[in-house]
Every structure is written in structure tokens, then in C-alpha cells.
Amino acid sequence: LKNRLPAWESLASIKLRLLKISPLVELRVSCKSLLDRDTLNKSDPCVMLMVQNQGQWTELDRTEVIKSNLNPVFAKVLMLDYYFEEVQKLRFEVYDIHGTHSIGTRDDDFLGGVECTLGQIVAQKKMVKPLLLKYGKYAGKSTITIHAEEISGNNGYVKLSFCAKKLDDKDLFSKSDPFLEIYRINDDGTEQLVHRTEVIKNNLNPVWEPFKVSLISLCSCDDERKLKCLVWDYDSRGKHDFIGEFYTNFKEMQADTCGRVSETHPPFFILQLHRVYSFLDYIMGGCQIHFTVAIDFTASNGDPRNSCSLHYINPYQPNEYLKALIAVGEICQDYDSDKRFSALGFGARIPPNYEVKDRFLYTLYRFTCEKNKIQGVVEAYQNCLPKIQLYGPTNVAPIINRIAKLAAGKEPIKDASLYHILLILTDGVVTDMADTREAIVRASYQPMSIIIVGVGNADFTDMQILDGDDGVLRSPKGEPVLRDIVQFVPFRDFKTASPAALAKCVLAEVPKQVVEYFSHKAIPPINPVLNSNPNSIANTPE
């Protein structure tokens, strides 16, 4: 290769450690077309990651400062814990930094910001957003790009140390000030910055500090994935001089390392890695979560026009049905790309004849969501109340069967592209308990989970049988569920708690249920990040 480095060594300090850790997400950030706030030079940008906790924004982490650059690609990885059952609100703020570390307080130091949720980022895997100034004004054509990658125990990490010899001297009055950049070549040919080393001043034979990087970040757990390595001569104005480049992969790096082992660097051996996919593997691989809500419109709820009714629309405070719907729906909407949800009702007389006929075809009243996101379902619910007559009975088996049939599809499920969550909101014990048990057993074979929230003050003791936490749910004929897919909670247990507490309780089991279904079917993520080569990872004893 032209300008290939004349000599290169990857030191024998590669270590792989398989760790069991809680779900972590790596965020890598880059920006384009930032505003130029400086008079003599370009802006020196830094991105600050803020998290919202109890309505207050606090700084979690920040990137490094990149000097004189309006299109920065930040090397520092921002890491944070991931919880599917919570709305994790994030804010990214870009500042022009003056001095060494301080964030400016003047308005002209602020280059733009964007708010989103962690769920939105992991669902898209790569999110590009325009930067906004105060009062929602666009920051010119500035954009921020956020890449998300999961770090799990099965991915592990490697510790790498690099050095170079006899580099070209790009400076007139001193030696080069080299630093190294490593890029991963993605399947679509794009390049993703993996690591940028520190700058070593005035040195043509640099030895850079060792660094740790996850295998998913380095090579997507594919030891033959191409890596591009570049060495630059640092320039404080951002106009770095190119010294040289070379291509390699993790497999070559291991082989090179093995050729230079010593007593202080023990030999490596090859492990066969059996990957257990995680919930984030499926979500970031493209699996969509389709959310359906089914609402109880039986007469036991009370006349919606009466303030004592569970369906009463209070202009100042949402009723229990709306509180539960919003708490769960706001989580699920981040994982459905079109943000359009199915909204069903049961137990009502429906127009135009207001008759209760067949319990499936006619007691199910589908109301239309004209708007997307959960607000569309809320408005559809409110608009439907004056048009129906509350009646009965409380039969939920038809709804479970309907969603299970939808989840099964017309053809055998071959990929992990879609998973269903059915939220049932009811004010009493179901009247078709036997049929409901049978429906749940059938549904446990499909890609779906069921959440039942009991609204009001009824005795829900008999509903606990549907939640398999205390034992295995069985059909009336004794057939057990394939997997536990039902979570039941009475809303009154969360009346004084925040909506997030309810969502956290009812959604906490969903990630496990998603993994259990696709694992049972031996279905990998649509875009798995594991190489099919069984000898893909190297390990060294501690």
C-alpha cells in the first residue's frame, strides 16, 4: 500500500476477558457542519451527555475536546446502563470549549443540543438528528450522529498496545507528534472510529498507552473483519499531516502477537465462543416491538359521564386507564418504527345497532388511531367513549387469540423481525377464565407477551392464576405454557407511585421473554454481530 508504515508492531498484550455484567450500551458521537464561533480558528467542540432524573438534568459524561474542527468524530465512548422498562431521557449538548476543560456559559459557546431517549437510539442503532439552539431554533445545518452498540459479558473486551518505528518526520524544526486512529470497516463499507490514541510529542518511535476496547466495538465479534489503522502528525489547528496507514484484522493481530511472546506475555489459545444473544442484540438487529392495547368497556366501570366512573374523563387528571396506558405505551413506542398502535375494546355495545352478538366479532370494537405514537391511542380512546354503550361480559380470550394469530402470521416465523406486546386493562376478574387460560397456553408458542393491569378496587385474587410467577399456568386440559408470558398487577398498588414505577414493574420481564422465544426457536437476530466462524475469539489465562 502507498504510504504503508515502514515498520509496525502490535505488542503481545492482547487479553480477552468474558465478564458477566449488567446491560451496558456504548454511544459513539460525531457531528457535522457545526457553527463556527471562533474568530481566528474554528470551534473546539465537545459533547456533553445529560441524563434526566426526577425532572432534573445532570451531566453523566462528556467527550474529549477536538481542536479547530467543525466535523468532529469523537473517540471517547459514552457508556451507560440500559433498562428496557424505563424511559431513559438523554440530552446531548455541543459546546465550543475555551481553555482546557471548562464548559462556557455564554450563549455563543453553545453550538446546539438534542433530546431523545436511549430506547430510540438502540432501536435505530444509528440516529442522526439536527442540532437545535435555544427556543428550538435550528443551529444552521448542524447535525449530530449517535451510534449505539451493546456491551455484554459474551462480547468481552481486549486490551491492546501499539507502537511504531522509524516514522516519517513531517516537521521542519522538530520530530513528528504522532497519534494513531483505528477504524472498523462495516458491512456497508462505512468506517467507524474505534479508538484514537494520545499524541506523543517529538517522537518517531512512539509507544502508545495500552487501551481496552470491547470486541463488539473493535470487530463486531468477527475476527476477520477489516480494520484500518492510520498514523497522523498532530497539528494544533486541526490540519494533521498524514504519515501512513495499514489494514489488518483481529485474527492477524493475534497471530502477530503469538510470534513475539515472552515470559511476561503468556501464549494465546483459541476458544470456541458460543454466543447467547441478548435482548439488545435482537432490538439493535432490527426487531420491532408492536404494541396493542385492549380496554375493558363493561358496565361495571360505571357510566363515563359520572365522575365516579373508572372511564370518567377528568380534564385536570387522567383516569386509571389512561395512566396505565400512557405509562406502558411511552416505553413501547420507542421500539416500533412506524409508531402506529392497535387499540381494541371489549364488553361494549357498538354502533350502529348497539347490539351484542358474537363475543369475538361484535364485542371487539376497534377504534382508529389517526395520530401516531401513544397520544393517538389516548385520543382514540377519549373519542370512542361517547359512541359506545358499556355492557359486558369481561371476555379477554378472543383478544388474546386475535393477537396470537397476528403474531403467528401466515408463514412459519423465520426471523426475529417482530414481537408483540398486548396490554389488557380491565376492572374485574375475567368471566371466560377457562378460555383465557387456553388462549394464553396457545399464545406462549408465539412471539408475544401479555400484560394485564387491574383497574379499580375489585378483588383480583383469581387473576393471579394467570401470572405464572407462583407456578406453571396450565390450560383446562392440563397443558402447561411453553414459557411464562403473562404479567398481572393491580393498578392500586401503584396509585401513589410514579408512572415509571408501574412501567418498570410490568415491563421488566419482557426482555427475558423476547430472548426466550427466539432462543427456543433457534432464531438469531436479523443482523447478528457474531461471525459464523467458530474459532473467532482468542483467550489468554489471567
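Because the structure is predicted, anything quoted here is derived from the model rather than measured.

Draft legend 1. Molecular detail of helix α5 (residues 320–332). With 13 residues, α5 extends 19 Å from end C-alpha to end C-alpha; this agrees with the ideal 18 Å at 1.5 Å per step. Among the 13 residues that make up α5, 10 are buried, leaving the element largely enclosed by the rest of the structure. If you check the start of α5, you find a side-chain oxygen 3.1 Å away from the backbone N of tyrosine 321, and it comes from asparagine 319.

Draft legend 2. How the structure looks around the sheet that holds strand β17 (residues 241–248). Taken in spatial order, the 4 strands make up an open sheet running β14-β13-β16-β17, and their pairing is antiparallel. What marks the edges here is a single partner per strand, and that holds for β14 (191–196) and β17. Neighbour-to-neighbour, the strand axes of the sheet open up by a mean angle of 25°, direction not taken into account. Sheet topology note: the strand β16 (residues 227–233)/β17 ladder contains 7 bridges and is antiparallel. Counted as the bridge partner of cysteine 229 is phenylalanine 246 from β17.

Draft legend 3. Geometry of the environment of valine 199. Examined against the element boundaries, valine 199 turns out to sit in the loop between β14 and β15 (211–214). Residue classification places valine 199 among the partly exposed positions, given a relative accessible area of 30%. A C-alpha to C-alpha distance of 10.0 Å links valine 199 and glutamate 209, two positions 10 residues apart in sequence. If near-sequence neighbours (up to four positions away) are discounted, valine 199 is found in contact with Asp177, Pro178, Phe179 and Tyr234.

Draft legend 4. Fine view of the environment of leucine 60. Examined against the element boundaries, leucine 60 turns out to sit in strand β5 (residues 56–62). What leucine 60 contacts, discounting residues up to four positions off in sequence, is Leu49, Met50, Val51, Met79 and Leu80.

Draft legend 5. Just the confidence of the model for the protein chain, in detail. Taken as a whole, the protein chain shows an average pLDDT of 81; of its residues, 82% reach a score of 70 or greater. Under a pLDDT of 50 for its full length, residues 257–274 has, in the predicted model, 40 contacts with residues more than four places off or in other chains.

The rules behind each value
In this numbering scheme, every chain counts its residues from 1 along its sequence in written order. Owing to the predicted nature of the model, reporting of local features is limited to residues with pLDDT of at least 70; listing and counting of side-chain atom pairs is limited to 80 or more, with chain, interface and lining totals taken over all residues. Processing note: side-chain calculations cover all non-hydrogen atoms of the structure and skip hydrogens and water entirely. Strands here are runs of E lasting at least two residues and helices are runs of H or I lasting at least four, both read from the DSSP assignment and numbered beginning at the N terminus. By this rule the span expected of a helix is its residue count minus one, scaled by 1.5 Å. Burial classes follow relative accessibility: with a 1.4 Å probe on protein chains only, a residue under 20% of its type's maximum area counts as buried, one over 50% as exposed, and anything between as partly exposed. Distance and chemistry together define a polar contact, namely a pair of N or O atoms within 3.5 Å, with one atom able to donate a hydrogen and the other to accept it when in protein, and with adjacent residues in sequence counting only for side-chain atoms on both sides. Between any two strands, pairing holds if DSSP finds at least two bridges. Structural elements are reduced to axes, namely lines fitted to C-alpha atoms, with helices fitted over the stretch in contact, and the angle between N-to-C directions of any two is expressed from 0 to 180 degrees. The contact rule is simple, with two residues in contact once any of their heavy atoms fall within 4.5 Å. pLDDT runs from 0 to 100 and stands for how confident the predictor is about each residue.

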